[in-house]
Amino acid sequence: MSEPVTFPSTFLWGAATSAYQIEGAVREDGRTPSIWDTFSHTPGKTAGGETGDIAVDHYHRYRDDVALMAELGLSAYRFSVSWPRVQPTGRGPAVQRGLDFYRRLVDELLARGIKPALTLYHWDLPQDLEDAGGWPERDTAYRFAEYAQIVGEALGDRVEQWMTLNEPWCSAFLGYGSGVHAPGRTDPAASLKAAHHLNLAHGLGTSALRAAMPARNTIAVSLNSSTIRTVSDDPADVAAKQRIDDLANGIFHGPMLHGAYPETLFEATSSVTDWSYVLDGDLETINQPLDALGLNYYTPALVSAAEAAPKGPRADGHGASAYSPWPAADDVMFHQTPGDRTEMGWTIDPTGLHELIMRYAREAPGLPLYVTENGAAYDDKPDPEGRVHDPERIAYLHGHLSAVRRAIADGADVRGYYLWSLLDNFEWSYGYGKRFGAVYVDYSTLARTPKSSALWYGQAARSGALPDVTTEEN
């Protein structure tokens, strides 16, 4: 039997969620619609017309959910704040009843010895701000900074780990490019403008948080950076990879980490936009010093050049749409990567996570890294005794956590891992059909049942070592 894979004693073992996917209570305590409320209530936008109106009712069941985290042995919990619950129109003073929910949640976490990690924006823009133009409008970035200050002042005394944005790529390119995410717009130029203004929001929000919170608090961002590979070393395929890398990665980490967009990005997208909305001083504003960087990883991408715009659905793993989330890259072909797949159709490849971590260890030396999302969807079902066995997820977690440990051994400063997700929940346009949770939720009763993967992960969290893939607690 091989030696167990062990982690540093200070390593954070966490799980992650987002507000719209779990909270429900969409009309309570002053909350107004977000773009996801509007989108999910628009016929044809989500599987079965399902919405987050109730989700898994975390708003009313948070104490039980925190108790469950404590029973599992988690040391950290990453959650997001619902912007329209705190600031219903995206402008003006806070609704204290909305903030009070997060105060209670944080207090409950701290009382259980669980470190809260707060994400300010996980895609739920107040609908009022979308009506005013949304992320393609520069003003939205300034509204975000005001919101960041409000939440920083309210919770900065008890939350030490902060993230500005979650996966801004999805907000920009799935929301405004392919339209498979809220607000469902399909305008390539608007998606690039949205990306810049999300970057600006990150910079302005970081400055607002620093002014509002104790200096001990750490500020990061969670990027769904992609591990991109080519089908060959042909120069045309290598050039295709560069274009996708610029759109997936460089467009965010370039200005955030290095204070500049890639010149190759400007060149490749010149047919779509002239980038005149990048104003003097913007890059300095975006390039705020960070205390850590969050990386979200699920599967690698495989690309090649194509002679013409590919026919049929793209194999990029980002949903079906006649519109591309990759502006000015219609002649790039995405290929299905080989190997076993999750219920999302995503290939299981832990080497992609190791590769991604090592890339950022090189690009941002000295910057601590966290895996802020990683996990898998499977078609989980209770057995006759009500237990939920998910050995595929245990194998997935073992493989990816082993990749994290290899990266640490190779010199990367990875300080924590947040399993996506704590609970089965509303999986955006897929509705409730894709179960990512380590905890099974019966959507008819909302009863929670830890799956075998939750018990396995809890063992890892308590011991700091990965149990064998065949091990689960009873």
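Numbering of residues begins from 1 in every chain and follows the order in which that chain's sequence is written. A pLDDT threshold of at least 70 governs which residues receive local features in this predicted model, and a stricter bar of 80 or more applies before side-chain atom pairs are shown or counted, although totals over entire chains, interfaces and linings include all residues. Heavy atoms from the whole structure form the basis of all side-chain values; hydrogens and water molecules are not counted.

Give a description of the overall build of the chain that names residues and reports values.
Along the backbone of the chain there are 15 helices and 13 strands. Just to be clear, the radius of gyration here is over C-alpha atoms, and the globule rule we use is 2.2 Å times residues to the power 0.38. Since a compact globule built from 474 residues should have a radius of gyration of about 23 Å, the 21 Å found for the chain is in line with a globular shape. Computed with the Shrake-Rupley method and a 1.4 Å probe, the accessible areas treat only the protein chains shown as cover for residues. About 17300 Å² of surface is accessible on the chain, with carbon and sulfur atoms providing 51% of the total. Between the mean site of the 39 positive side-chain charges and the mean site of the 62 negative ones, the chain shows a separation of 3 Å. Helix and strand definitions follow DSSP, with helices as H or I runs of at least four residues and strands as E runs of at least two, each counted in order from the N terminus. For this count, His and the chain ends are skipped, Lys and Arg are scored as positive, and Asp and Glu as negative. Note that the charge is assigned to NZ on lysines, CZ on arginines, CG on aspartates and CD on glutamates.

Tell me what's going on with the pattern of salt bridges, and back it up with residues and numbers.
Salt bridge, as used here, is a side-chain nitrogen of Lys or Arg placed within 4 Å of a carboxyl oxygen of Asp or Glu. Inspection of the entire model under this criterion finds 32 salt bridges. A salt bridge links Asp 157 to Arg 158; the nearest nitrogen and oxygen atoms lie 3.1 Å apart. Each of the salt bridges in this network shares a partner with another, and the network as a whole consists of Asp 380, Asp 390, Arg 393, Asp 424, Arg 435 and Lys 451.

Let's hear about helix H3 (residues 58-72): which residues, and what values?
Its 15 residues place the ends of H3 only 18 Å apart at the C-alpha level, less than the 21 Å of an ideal helix rising 1.5 Å per residue. The largest bend in H3 comes to about 35°, at Asp 64. Positive backbone phi, approximately 95°, marks Gly 73, located one or two places after H3. Take the residue count of a helix, subtract one, and multiply by 1.5 Å to get its expected span. Bend, at a single residue, is the angle you get between axes fitted to the 7 residues ending at that residue and the 7 residues starting at it.

Could you give an account of the packing of aromatic side chains, with specific residues and numbers?
Aromatic pairs are defined between Phe, Tyr and Trp rings, using the six-membered ring for Trp, whenever the two ring centres lie within 6.5 Å; interplanar angles under 30 degrees are classed as stacked, those over 60 as edge-to-face, and all others as tilted. Per the stated rule, a full pass over the model turns up 36 aromatic pairs. With centroids separated by 5.6 Å and ring planes inclined at 40°, the aromatic side chains of Trp 275 and Tyr 277 adopt a geometry described as tilted. Like Trp 275, the residue Tyr 277 is buried in the burial classification. Here a set of aromatic residues connected by ring pairs shows up, and it is made of Tyr 20, Trp 36, Phe 39, Trp 123, Phe 426, Trp 428, Tyr 432 and Tyr 443. Accessible area is worked out with a 1.4 Å probe on protein chains only. A residue is then buried under 20% of its type maximum, exposed over 50%, and partly exposed in between.

Explain the UniProt feature "binding site: substrate" (unreviewed entry) in the chain to me, and be specific about the residues and the numbers.
On the UniProt side, "binding site: substrate" (unreviewed entry) is annotated at positions that read Gln 21, His 122, Asn 166, Tyr 298, Trp 420, Glu 427 and Trp 428 here. Whether two residues are in contact is decided by their heavy atoms, any of which lying within 4.5 Å being enough. Sequence-distant contacts of His 122, defined by excluding residues within four places in its chain, comprise Thr 17, Ser 18, Gln 21, Arg 78, Ser 80, Asn 166, Glu 373, Trp 420 and Trp 428. Considering the arrangement of structural elements, one finds Tyr 298 in the loop between strand S7 (293-296) and strand S8 (301-305). Assessed through its relative accessible area of 13%, Tyr 298 is described here as buried. Not counting the four nearest positions on each side in its chain, Tyr 298 is found in contact with Glu 167, Trp 346, Thr 347, Glu 373, Asn 374, Gly 375, Tyr 396, His 400, Trp 420 and Phe 436. Throughout this description, a polar contact denotes any pair of N or O atoms lying within 3.5 Å of each other; where both atoms belong to protein, one of them has to be capable of donating a hydrogen while the other can accept it, and for residues adjacent in sequence the pair is counted only when both atoms sit in side chains. Among the polar contacts listed, one links the side chain of Tyr 298 to the side chain of Glu 373, at a separation of 2.5 Å. UniProt positions are given in the numbering used here, feature names are shortened, and annotations may be inferred rather than shown by experiment.

Summarise the sheet that holds strand S6 (residues 228-230); cite the residues concerned and give the values.
By the convention used here, strands pair only if DSSP detects at least 2 bridges between them. Taken in spatial order, the 3 strands of this open sheet run S6-S8-S9, and their pairing is mixed. On the outer flanks of this sheet lie S6 and strand S9 (332-335), each paired with one strand and no other. Put simply, the sheet's adjacent strands are angled 40° from each other on average, direction ignored. To obtain each axis, a line is fitted to C-alpha atoms, and for helices this fit is confined to the stretch in contact; angles are then taken between N-to-C directions over 0 to 180 degrees.

Explain the pairing of strand S4 (residues 161-166) to me, and be specific about the residues and the numbers.
Where burial is concerned, most of S4 is hidden: 6 out of the 6 residues are buried. Looking at chain direction, strand S3 (residues 115-121) and S4 are connected through 4 bridges and run parallel. Within the sheet, the bridge partner assigned to Tyr 121 lies in S4 and is Leu 165.

Would you mind going over the environment of Tyr 20 in detail, with residue names and values included?
On the secondary structure map, Tyr 20 appears in helix H1 (residues 19-22). Taking relative accessible area as the criterion, Tyr 20 reaches 3% and is therefore assigned buried.

So what's going on with helix H10 (residues 235-258)? Residues and values would help.
Because each turn of an α-helix spans 3.6 residues, side chains separated by three or four positions in sequence point in the same direction. Helix length check: H10, at 24 residues, gives a terminal C-alpha distance of 27 Å against a target of 34 Å (1.5 Å per residue), a shortfall beyond 12%. The largest bend in H10 comes to about 55°, at Gly 250. The N-terminus of H10 is capped by Asp 234, whose side-chain oxygen sits 2.8 Å from the backbone nitrogen of Ala 236. Backbone geometry just downstream of H10 places Gly 259 in the positive-phi region, at approximately 75°.

Explain the nonpolar core residue by residue, including any values.
A general tendency of soluble globular proteins is for nonpolar side chains to be buried together. By size, the foremost hydrophobic cluster in this structure holds 149 residues, and its most contacted members are Trp 135, Ile 357 and Val 404. Ignoring any residue separated from it by four or fewer positions in sequence, one finds Val 404 in contact with Phe 7, Phe 11, Leu 353, Ile 357, Val 371, Val 414 and Tyr 417. As used here, the term nonpolar core means buried Ala, Val, Leu, Ile, Met, Phe, Trp, Tyr and Cys residues forming a set that is joined through side-chain atoms within 4.5 Å.

Which residues make up the side chain of Glu 23, and what are the values?
Here Glu 23 shows up in the loop between H1 and helix H2 (35-40). Among the polar contacts listed, one links the side chain of Glu 23 to the side chain of Arg 85, at a separation of 2.9 Å. Those residues in contact with Glu 23, other than ones at most four positions away along the chain, are Ile 54, Ala 55, Asp 57, His 58, Tyr 59, Ser 80, Ser 82, Arg 85, Phe 101 and Tyr 102.

Describe in detail the UniProt feature "active site" (unreviewed entry) in the chain, supporting the description with residues and values.
Per the UniProt annotation, the sites labelled "active site" (unreviewed entry) are Glu 167 and Glu 373. A maximum C-alpha distance of 10.1 Å places the annotated residues, which cover 207 residues in sequence, within one compact spot. One can find Glu 167 in the loop between S4 and helix H8 (168-176). The residues contacting Glu 167, other than those within four sequence positions of it, are Trp 123, Ser 222, Asn 224, Asn 296, Tyr 298 and Glu 373. Topologically, Glu 373 is positioned in strand S10 (residues 369-374). Relative accessible area serves as the criterion here: at 4%, Glu 373 is assigned to the buried category. Setting aside its immediate chain neighbours within four residues, Glu 373 contacts Arg 78, His 122, Asn 166, Glu 167, Leu 295, Asn 296, Tyr 297, Tyr 298, Tyr 418 and Trp 420.

Got a sec to walk through the sheet that holds S7? Specific residues and values, please.
Strand order in the closed barrel formed by 8 strands is S1-S2-S3-S4-S5-S7-S10-S11, and the pairing between neighbours is parallel. In this sheet, adjacent strand axes meet at a mean angle of 25° when their direction is disregarded. Two strands pair when backbone bridges link them, and strand S2 (residues 76-80) and S3 are joined in this way by 5 bridges, in the parallel orientation. Its bridge partner lying in S3, Tyr 77 is registered against Pro 116.

A description of the packing of helix H5 (residues 96-111) against helix H7 (residues 139-155) should follow, citing residues and the corresponding values.
One can describe the packing of H5 onto H7 by two numbers: an axis separation of 10 Å at closest approach and a directional angle of 40°. In terms of axis orientation, H5 runs oblique to H7. Crossing of H5 against H7: the hand is right-handed. Note on element contacts: H7 touches H5 through Ile 150, Ala 154 and Leu 155, opposite Leu 99, Tyr 102, Arg 103 and Val 106. Within the contact of H5 with H7, the residues separate by chemical class into 6 nonpolar, no polar and 1 charged. When an angle is under 35 degrees it counts as roughly parallel; over 145 it counts as roughly antiparallel; between 65 and 115 it counts as roughly perpendicular; any other value is oblique. In this scheme the handedness of a crossing depends on how the near helix is turned from the far one: anticlockwise by less than a right angle means left-handed, clockwise means right-handed. Put simply, Ala, Val, Leu, Ile, Met, Phe, Trp, Tyr, Cys and Pro go in the nonpolar bin, Asp, Glu, Lys and Arg in the charged bin, and everything else, Gly too, in the polar bin.

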